[in-house]
Amino acid sequence: MKTVHIINFKHLLPVLFLLTISCSTKNKTDEELLEKDKIELKENLDSYKIATYKFGKILIRSSAEKDTISTEFQSFKKDLDRIFNKVVKYNIENPENLSLLDYILIYRDYKKMEDFIMKTDEDIFPTLVDSFNLIYGDSISKKREYYKGKKKEYVQNIEHAALSAIVILSKDLGKEVSLYECTKTNPELLPNSEIKTLLQYFRGFLFFEKGLYYLSEDEISRNINWLNNNKSVDLPYTRAFFQWGNLDNKNTHLGLHSLNHLFRGFDRLMMEREIDEKRALEDFEAFLKDANKIGLNNEITWSIETYLYLKNEENEKAIASLTKLKTSDFLSSEDKKRIDESIEYVKNRESDKVLNGFYDKFFLSKIATKYMYAILSKVDWGKVMKKQNVPHTDEIFKTIDNLKSFIDNLKKYASTEDLKNKGKSLWNKTKELAK
């Protein structure tokens, strides 16, 4: 007897839609491909790690909420406050003190309110700064009014941006959570400032990292336009961020402008249409033009020089850049071995073979990504936040560490609980069949 499988077309529709778009990428417009990326972004945010992280954020932010907001929120308020007091408020120094039973009970509560957590925008609650002020502030600061209106939008934008940068290097939270925090930022709500342009650059980098090239290109294109129209904006944080202490403001602007062209070039290089590759080459040329003006001379410039020299079949210049690139600490011994092989190919004038083999767009993007991670890893975010007079910075970082541990343990104990529930379900089905 044949088994008949019933297909749920409702679940297949998004997949079929994406397949339809991807099958004809080469004939799609920029706008259509941007929409495809927006759909893919939403799918990337649907994960257990993001859901439990968001649960932790809502625990903290909702703890400071004094209004009802909604009937559904009100029905969960007591549970949220009870879990918050156990996980955050009283255990900030000793998060591991939670027992197996604690985690199982918390997980059961989480499952009850999971739908509410997933559909709720955390930004309806007070900011993290307000929440931490209520927990750790003195008697005077606890009476301060919460941020409202545009000031609240600005503060929570900065919070999301800071967290997206802080957690990206975390082994436990990493890119998924960083992407979530990145999507919660809205540069358009920020005043024209250095913070705005750095935020847009970082969003563009994260979208690129996730393979959302059209979203990244759109973000960076708007940033390039902004930089072109704001050439005199002061950029002290950019100098500190990229360690360009020797550059004046004009050259710092050139440096940031060049890196935006660099990553837009990578976005376009990873796309499939002929027009995209042409645009990528234009971006790389713009990058090198700016980089040469400020004396930027590192792995990034050598790799782009090599790519353009190979494209133009300027073999001797390509060999010189490849030789410099081989000295990079970013590259593994295997990478360096393959660079030696590439140099031999170039010497024999087999430039096409090099471009289509080892020295391709994936290798280029690998170098650029490692360069950005190397920069991010050197930033002391705690020091940056304290310099900005962000209150309770130490408590915020301690809470982030605790949240990593909480999410990890919750997942571990959740799998035990799910397994037990699955066992119960199977037992109940067996009893039904035995009747």
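Just above, that's the structure.
Quick notes on the rules
Residues numbered from 1 in each chain as written. Predicted model: local features only at pLDDT ≥ 70, side-chain atom pairs only at ≥ 80, totals over all residues. Heavy atoms only, no water. Axes fitted to C-alpha atoms, helices over the stretch in contact; angles between N-to-C directions. Helix = DSSP H or I, 4+ residues; strand = E, 2+ residues; numbered from the N terminus. Parallel < 35°, antiparallel > 145°, perpendicular 65-115°, else oblique. Left-handed = near helix turned anticlockwise from the far one by under 90°. Contact = heavy atoms within 4.5 Å. 1 Å grid on protein atoms, 1.4 Å probe; cavity = no way out; pocket = protein on both sides within 12 Å on 5 of 7 lines; lining within 4 Å. Points joined across faces, edges and corners; volume = space filled by probe spheres on them. Nonpolar A, V, L, I, M, F, W, Y, C, P; charged D, E, K, R; others polar. Core = buried A, V, L, I, M, F, W, Y, C linked by side-chain atoms within 4.5 Å. Buried < 20%, exposed > 50% of the residue type's maximum accessible area, 1.4 Å probe, protein only. Salt bridge = Lys/Arg side-chain N within 4 Å of Asp/Glu carboxyl O. Phe/Tyr/Trp six-rings, centres within 6.5 Å; stacked < 30°, edge-to-face > 60°. Lys NZ or Arg CZ within 6 Å of the ring centre and 35° of its normal. Patch = residues over 30% accessible without salt bridge, like charges linked within 9 Å, V, L, I, M, F, W, Y side chains within 5 Å. Areas by Shrake-Rupley, 256 points an atom, 1.4 Å probe, with all protein chains shown as cover. Lys, Arg positive; Asp, Glu negative; His and termini not counted. Charge placed at Lys NZ, Arg CZ, Asp CG, Glu CD. Polar contact = N/O pair within 3.5 Å; in protein donor to acceptor, adjacent residues only side chain to side chain.

Enquirer: How would you explain the packing of helix α3 (residues 48-62) against helix α8 (residues 149-167) if you had to name every residue and give the values?
Expert: Helix-helix packing: each pair is described by the crossing angle between the helix axes and the interaxial distance. In contact at an axis separation of 15 Å, α3 and α8 are set at 140° when each is read in the N-to-C sense. Viewed along their axes, α3 and α8 adopt a mutual orientation that is oblique. Like other packed secondary-structure pairs, α3 and α8 cross with a definite hand, here right-handed. On the side of α3, the interface is formed by Tyr-53, Lys-57 and Arg-61, while α8 contributes Lys-152, Gln-156, His-160 and Leu-163.

Enquirer: Kindly report on the layout of surface pockets, identifying the contributing residues and their values.
Expert: Taken as a whole, the largest pocket holds about 1,200 Å³ of empty space. Lining of the largest pocket is provided by 37 residues; of these, Ile-195, Trp-381, Val-384, Met-385 and Gln-388 occupy positions nearest its centre. Looking at the lining of the largest pocket, the elements that each hand over two or more residues are α7 (128-136), α8, α10 (194-209), α12 (236-241), α19 (361-378) and α20 (381-387). In terms of residues, the lining of the largest pocket owes the most to one element, α8, which gives 10 residues.

Enquirer: So what about the packing of helix α13 (residues 249-269) against α19? Which residues, and what values?
Expert: Two elements in contact, α13 and α19, have axes whose closest approach is 10 Å; the angle formed by their N-to-C orientations is 145°. Crossing handedness for the pair α13 and α19: left-handed. Contacts from Leu-259, Phe-263, Phe-266 and Leu-269 of α13 reach α19 at Lys-361, Leu-364, Ser-365, Ala-368, Tyr-371 and Met-372. Among the residues making up the contact of α13 with α19, the classes are represented as 8 nonpolar, 1 polar and 1 charged.

Enquirer: Before we move on, can you summarise the nonpolar core with the specific residues and values?
Expert: Nonpolar side chains in soluble globular proteins tend to end up buried together. With 112 residues, the main nonpolar core has Phe-55, Phe-242 and Phe-263 as its most contacted residues. Tallying contributions element by element places α19 first for this core, with 9 residues. Ignoring anything within four residues of it in the chain, the contact list for Phe-263 reads Tyr-201, Phe-205, Phe-208, Ile-220, Ala-368 and Met-372.

Enquirer: Lay out the pattern of salt bridges with the relevant residues and their values.
Expert: A complete count under the given rule lists 38 salt bridges for this structure. With a closest N to O distance of 3.0 Å, Arg-82 and Asp-109 form a salt bridge. You can see Arg-82 sitting in helix α4 (residues 71-89) and its partner Asp-109 sitting in helix α5 (residues 100-112), a full 27 residues away along the chain. Overall, Arg-82 belongs to the partly exposed group, its relative accessible area being 40%. Close ionic contact of Glu-209 with Lys-175 constitutes a salt bridge, the shortest N to O distance being 3.1 Å.

Enquirer: Could you give an account of the packing of aromatic side chains, naming the residues involved and the relevant values?
Expert: Summed over the entire model, instances satisfying the criterion amount to 23 aromatic pairs. A cation over a ring is seen here: Lys-66 above Tyr-146, with NZ or CZ 4.5 Å from the ring centre. Geometry around Tyr-147 places Arg-144 over its ring, the cationic atom sitting 4.9 Å from the centre.

Enquirer: An account of a positive patch on the surface is needed here, citing residue identities and associated values.
Expert: A cluster of like positive charges, contributed by Lys-231, Lys-250, Lys-289 and Lys-293, occupies part of the molecular surface. Taking relative accessible area as the criterion, Lys-250 reaches 65% and is therefore assigned exposed.

Enquirer: Mind laying out the environment of Asn-260, listing which residues take part and the relevant values?
Expert: Considering the arrangement of structural elements, one finds Asn-260 in helix α13. The class for Asn-260 is buried, based on a relative accessible area of 0%. Between the C-alpha atom of Asn-260 and that of Phe-205, which follows or precedes it by 55 residues, the distance is 9.1 Å. Once you skip the residues sitting within four places of it in the chain, Asn-260 turns out to touch Tyr-201, Ile-220, Asn-223, Ile-224 and Leu-227. A polar side-chain atom of Asn-260 sits 2.9 Å from a polar atom in the side chain of Asn-223.

Fair warning: the whole summary comes from geometry, so function is off the table for now.
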